[in-house]
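Here is what each chain is made of, one letter per residue.
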Amino acid sequence: DSGVTQTPKHLITATGQRVTLRCSPRSGDLSVYWYQQSLDQGLQFLIQYYNGEERAKGNILERFSAQQFPDLHSELNLSSLELGDSALYFCASSSGVSGNTIYFGEGSWLTVV
Amino acid sequence: QKEVEQDPGPLSVPEGAIVSLNCTYSNSAFQYFMWYRQYSRKGPELLMYTYSSGNKEDGRFTAQVDKSSKYISLFIRDSQPSDSATYLCAMSANGNNRLAFGKGNQVVVIP
């Protein structure tokens, strides 16, 4: 158990809908990262927050947004969902701002039908 | 060319064999090199972490980095059925907050 908690573990939703994925980082970690894992693309970095502020942005679509709250938990919002958004979404955390060693949660499996 | 190349082909080995995995990369700024292990439908778990070139050993696992060739390797000695998983290489540049991952190698250790 990495100490990173993600909910929900699984969800199925229809195209065009919006979902929110939630992440609680390891105790004491200030950085939260979101990654998307699909069969064809592998693990892709989406976005990082450090202590409530956005620090780095990767291949995150405009339909997706994230935020980190004062209690350091984070949410990833996915809207206008398309079939191609079906993937495993991972949250990870680290203690510092640099992401060289990060610890992943168990992931949220999103299926868009 | 992708930043990190990892042949995703499944690898089946008998128990006790040495497993050899590798990745190549194109970004010469990468300084930090990691190997993650991922069991089916679970999150990646950090296995090995290396800074710059050289070798690092941890139990049955050895990680090697050759920056001149832009090539990293992971060796698993005396492989066990519990080592059956997908192994992902990852790397980052100094001060960069994102990890670039390979696509992963599925390893099956046959008892």
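Up top you'll find the structure we're talking about.
What this report covers is the structure whose coordinates are included nearby. Note that the structure is predicted; figures quoted are calculated from it, not measured.

Definitions and cut-offs
- Residues numbered from 1 in each chain as written.
- Chains lettered and ligands numbered in written order.
- Predicted model: local features only at pLDDT ≥ 70, side-chain atom pairs only at ≥ 80, totals over all residues.
- Heavy atoms only, no water.
- Pairing = 2+ DSSP bridges.
- Helix = DSSP H or I, 4+ residues; strand = E, 2+ residues; numbered from the N terminus.
- Disulfide = S-S within 2.5 Å.
- Buried < 20%, exposed > 50% of the residue type's maximum accessible area, 1.4 Å probe, protein only.
- Phe/Tyr/Trp six-rings, centres within 6.5 Å; stacked < 30°, edge-to-face > 60°.
- Lys NZ or Arg CZ within 6 Å of the ring centre and 35° of its normal.

## Comments concerning the sheet that holds strand β7 (residues 61-66) of chain B
Residues and elements named next belong to chain B. The strand order across the open sheet formed by 5 strands is β1-β3-β8-β7-β6, and the pairing between neighbours is antiparallel. Two strands close off the open sheet at either side, each with one partner strand: β1 (4-5) and β6 (54-58). In this sheet, strand β8 (residues 71-76) lies alongside strand β3 (residues 19-25) in antiparallel orientation, the contact comprising 6 bridges. Directly across from Asn22, in β8, lies its bridge partner Ser73.

## Side note on the state of the cysteines
Note on terminology: a disulfide is the covalent bond linking the sulfur atoms of two cysteines. Residue and element names in this part refer to chain A. For the structure shown, the criterion picks out 2 disulfides over all chains. Residue pairing for Cys23: its cysteine sulfur links by disulfide to Cys91, the two sulfurs lying 1.8 Å apart. Across the disulfide from Cys23 to Cys91, rotation about the S-S bond amounts to roughly -55 degrees, and the bridge is consequently left-handed. Here Cys91 lies in strand β9 (residues 87-94) and Cys23 lies in strand β3 (residues 19-24), a separation of 68 residues in the sequence. By relative accessible area, which is 0% here, Cys91 ends up buried.

## Thoughts on the packing of aromatic side chains
Considering all chains together, one arrives at 12 aromatic pairs over all chains under this definition. Their ring planes at 85 degrees and their centres at 5.6 Å tell us that Tyr35 of chain A and Phe101 of chain B sit as a pair that is edge-to-face. Of this pair, Tyr35 of chain A sits in strand β4 (residues 31-38) while Phe101 of chain B is found in strand β10 (residues 100-101), placing the two residues in two different chains. Phe101 of chain B shares its class with Tyr35 of chain A; the two are buried. Ring centres of Phe104 of chain A and Phe101 of chain B lie 6.0 Å apart, and the angle between their planes is 75 degrees; this geometry places the pair in the edge-to-face category. With Phe104 of chain A in strand β10 (residues 103-104) and Phe101 of chain B in strand β10, the pair connects residues from two separate chains. When sorted by exposure, Phe104 of chain A lands in the same class as Phe101 of chain B, which is buried. Cluster of aromatic residues (ring-pair linked, three or more members): Tyr35, Phe45, Phe90 and Phe104 of chain A together with Tyr36 and Phe101 of chain B. Positioned above the aromatic ring of Tyr103 of chain A is the side chain of Arg26 of chain A, whose terminal nitrogen or guanidinium carbon lies 4.0 Å from the ring centre. Lying across the ring of Trp109 of chain A, Arg41 of chain B places its NZ or CZ 4.4 Å from the centre.

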